[in-house]
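These are the residues of each chain, in order.
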Amino acid sequence: MLKPLGFFEEIFSGAPEGISAGRLLESIPDTPAEDSGKIATYLKDGHEIFDTMGAERDVVTGGRRILGAASLQTDGVWVWRVDLAHYVRNYGVLLPSDFTDHVRRLDYTVPAVPDARLVELTDEILPHLGFRRDGGGTPAQR
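Residues numbered from 1 in each chain as written. Predicted model: local features only at pLDDT ≥ 70, side-chain atom pairs only at ≥ 80, totals over all residues. Heavy atoms only, no water.

Take the overall build of the protein chain next. Looking only at helices and strands, one finds four helices and six strands in the protein chain. In sequence order, the protein chain lays out its α and β elements as β-α-β-β-β-β-β-α-α-α. Relative to its length of 142 residues, the protein chain is compact, with a C-alpha radius of gyration of 14 Å against a globular reference of 14 Å. Here the protein chain, with 142 residues, has 43% of them falling under the buried criterion. A separation threshold of at least 6 residues defines the contact pool for the protein chain, and within that pool the share at least 24 residues apart is 65%. Accessible surface for the protein chain amounts to roughly 7500 Å². Of this, 50% is attributable to carbon and sulfur atoms. (Helix = DSSP H or I, 4+ residues; strand = E, 2+ residues; numbered from the N terminus. Rg over C-alpha atoms; globule rule 2.2 N^0.38 Å. Buried < 20%, exposed > 50% of the residue type's maximum accessible area, 1.4 Å probe, protein only. Contact = heavy atoms within 4.5 Å. Areas by Shrake-Rupley, 256 points an atom, 1.4 Å probe, with all protein chains shown as cover.)

As structure tokens, this is what we get:
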């Protein structure tokens, strides 16, 4: 099972038990990690497994819109929303050390994952996040 990453309350309301990462605004440090830019790039380079149309406002400033924010990406081990890279890059949002250690061990390079495995992972994780493959039942619609 993919490990959920960065499903903060402000951007993923109604998260099922064990999915919520707490509050995004409380995860912004005074000083970002030295490699937060590299971690953001890693997140941005993840394999897309669920695409959504639309845009969502930046929950920190209420300004900039993030296209496809609720789309999902993976590296084959973790799963996250597309907008997580934005929050890490722009605000240095702190992520769990088991994820950041994983990224550093991979030298900030997302590993290749065969397409067939990505399909399996998608089918496995979507129900746990409250999504259906056809796009219905997304948490934002609750």
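So that's the structure; there's more coming.
It is worth spelling out the side chain of His102 at this point. By the element assignment, His102 lies in helix H3 (residues 97-105). When its relative accessible area of 11% is taken as the criterion, His102 is described as buried.

This part takes up the sheet that holds strand S5 (residues 72-74). Pairing in this open sheet of four strands is mixed, and the strands run S1-S6-S5-S2 from one edge to the other. Of all strands in the sheet, those bounded by a partner on one side alone are strand S1 (3-4) and strand S2 (47-50). Bridge analysis of S5 against strand S6 (residues 78-81) gives three bridges, and the strand direction is antiparallel. Each bridged residue has a counterpart across the sheet, and for Thr74 the counterpart in S6 is Val79. (Pairing = 2+ DSSP bridges.)

Bringing the side chain of Gln73 into the picture now. Residue position: Gln73 is located in strand S5. The class for Gln73 is buried, based on a relative accessible area of 3%. Polar side-chain contacts of Gln73 include one of 3.2 Å to the backbone oxygen of Lys44. (Polar contact = N/O pair within 3.5 Å; in protein donor to acceptor, adjacent residues only side chain to side chain.)

As a further point, take helix H4 (residues 115-129). Every α-helix carries 3.6 residues per turn, so stepping three or four residues along brings you back to the same face. Its 15 residues give H4 an end-to-end C-alpha distance of 21 Å, which sits within 8% of 21 Å, the value for a rise of 1.5 Å per residue. Where H4 is buried, its residues touch S2, S5 and S6. (Expected span 1.5 Å × (residues − 1).)

A few words now on the packing of helix H1 (residues 36-44) against helix H2 (residues 83-91). Running from N to C, H1 and H2 point in directions that differ by 170 degrees, and their axes come no closer than 8 Å. Judged by the angle between their axes, H1 and H2 are roughly antiparallel. Here H1 contributes Ser36, Gly37, Ile39, Ala40, Thr41, Leu43 and Lys44 to the contact with H2, which in turn contributes Leu84, Ala85, Val88 and Arg89. (Axes fitted to C-alpha atoms, helices over the stretch in contact; angles between N-to-C directions. Parallel < 35°, antiparallel > 145°, perpendicular 65-115°, else oblique.)

A separate point is the environment of His128. Summarising the element assignment, His128 is placed in helix H4. Under the relative-accessibility criterion, His128 is labelled partly exposed at 42%. For the pair formed by His128 and Pro16, sequence separation is 112 residues and the distance between their alpha carbons is 7.2 Å. Contact partners of His128, with chain neighbours within four places excluded, come to Met1, Pro16 and Ile19.

The backbone of Asp107 shows a phi angle near 55 degrees, a positive value even though the residue is not glycine. Residue position: Asp107 is located in the loop between H3 and H4.

Before going further, it helps to examine the nonpolar core. Core analysis: the largest hydrophobic core is formed by 22 residues, its most contacted members being Leu43, Leu95 and Phe99. Residue assignment for this core shows that the elements contributing at least two residues are H1, S6, H2 and H3. With five residues, the top contributor of residues to this core is H2. Counting 15 residues, the second largest nonpolar core, distinct from the first, contains Leu2, Phe7, Leu121 and Leu126. (Core = buried A, V, L, I, M, F, W, Y, C linked by side-chain atoms within 4.5 Å.)

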